[in-house]
Amino acid sequence: MLVQIQVNTDHNVHGGERLATYVKTDLESNLSRFVGWLTRVEVHLSDNGGAKSEDKKCVIEARPGGKQPVVVTHHAATVDDAYAGAAHKLRSLLDSQYSRAHDHKGSESIRHMAAPEDPEQVGVIESETQATTTN
C-alpha cells in the first residue's frame, strides 16, 4: 500500500510493536479502496487513566491528496474498542468523501463525456431515433 501509516501511543497504552503492526495491517486492508487518494494516515492511541469507564481514546487523521485532512475520534473502555470505533468512523467518512469526489451523481461529468458520434442526433430522444430507423 502506498499510504504512509503512522501509529503513536502514549506511555499508558501497552501493546508496543504488536499493536502498531495490527493497526497498520487492519488499516491497509480496510482502506485499500482509497489507495492513490490517501497520502498519509496517523493513529493516536491514548489512555487518560481516569476513573471514567471510557477513558481510552483513538484519534485517526487521514490526509487525502489535495484535500484538507479529516479527523475522527472514538472513546471506549478498551484500546481495541477505541481503535475499532475510530476506524469504522474513518471508513464511513472516507467512503462519503471519496464517493462525492469521484462519483458525479452516478455518471461521468459532462466535461469528461465523449463527443457524440453523430452531431445530427444531439438532442434527439432515443425512441425517436429508433422509430425513424424502423419505418
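Relevant structure appears above.
Residues numbered from 1 in each chain as written. Predicted model: local features only at pLDDT ≥ 70, side-chain atom pairs only at ≥ 80, totals over all residues. Heavy atoms only, no water.

Helix and strand counts for the protein come out as 3 helices and 4 strands. Along the protein, from the amino end to the carboxyl end, the secondary structure elements read β-α-β-β-β-α-α. A buried classification covers 29% of the 135 residues belonging to the protein. Partitioning the intrachain contacts of the protein with sequence separation of at least 6 by distance along the chain shows that 48% fall at a separation of at least 24. For the protein, the exposed area adds up to about 9,100 Å²; of that, 49% sits on carbon and sulfur atoms. (Helix = DSSP H or I, 4+ residues; strand = E, 2+ residues; numbered from the N terminus. Buried < 20%, exposed > 50% of the residue type's maximum accessible area, 1.4 Å probe, protein only. Contact = heavy atoms within 4.5 Å. Areas by Shrake-Rupley, 256 points an atom, 1.4 Å probe, with all protein chains shown as cover.)

The subject of this paragraph is helix α1 (residues 16-30). The terminal C-alpha atoms of α1 lie 21 Å apart, and with 15 residues this matches the ideal 21 Å at 1.5 Å per residue to within 8%. Every buried residue of α1 is listed here: Leu19, Ala20, Val23 and Leu27. Seen end-on, α1 carries its buried residues on one side only, within an arc spanning 100°. Exposed side chains of α1 directed beyond 90 degrees from the buried face belong to Glu17, Arg18 and Ser29. (Expected span 1.5 Å × (residues − 1). Arc of directions from axis to C-beta.)

We now examine the sheet that holds strand β2 (residues 38-47). Strand pairing in a sheet relies on backbone hydrogen bonds, with the paired strands running either antiparallel or parallel. If you trace the 4 strands from one edge of the open sheet to the other, you get β1-β2-β3-β4, paired in mixed fashion. For this open sheet the edge positions go to β1 (4-9) and β4 (70-76), each flanked by a neighbour on one side alone. Each adjacent strand pair in this sheet contributes to an overall mean axis angle of 10°, direction not counted. Alignment of β1 against β2, held across 6 bridges, turns out to be parallel. Residue pairing across strands places glutamine 4 opposite arginine 40, the latter belonging to β2. Packing of α1 onto the sheet brings it into contact with β1 and β2, and relative to β1 it is tilted by some 145°. (Pairing = 2+ DSSP bridges. Axes fitted to C-alpha atoms, helices over the stretch in contact; angles between N-to-C directions.)

Another aspect to go through is the side chain of lysine 56. Position of lysine 56 relative to the elements: it lies in strand β3 (residues 56-64). Overall, the relative accessible area of 16% leaves lysine 56 in the buried class. Polar contacts involving the side chain of lysine 56 include one to the side chain of aspartate 55, which spans 3.1 Å. Discounting residues that sit within four places of it in the chain, lysine 56 has contacts with Ser46, Asp47, His74, His75, Ala76, Ala77, Thr78, Val79 and Ala82. (Polar contact = N/O pair within 3.5 Å; in protein donor to acceptor, adjacent residues only side chain to side chain.)

Turning next to the environment of proline 64. Counting through the fold element by element, proline 64 comes out in strand β3. For proline 64, a relative accessible area of 3% translates into the label buried. Sequence separation of proline 64 and glycine 36 is 28 residues, and the distance between their C-alpha atoms is 8.9 Å.

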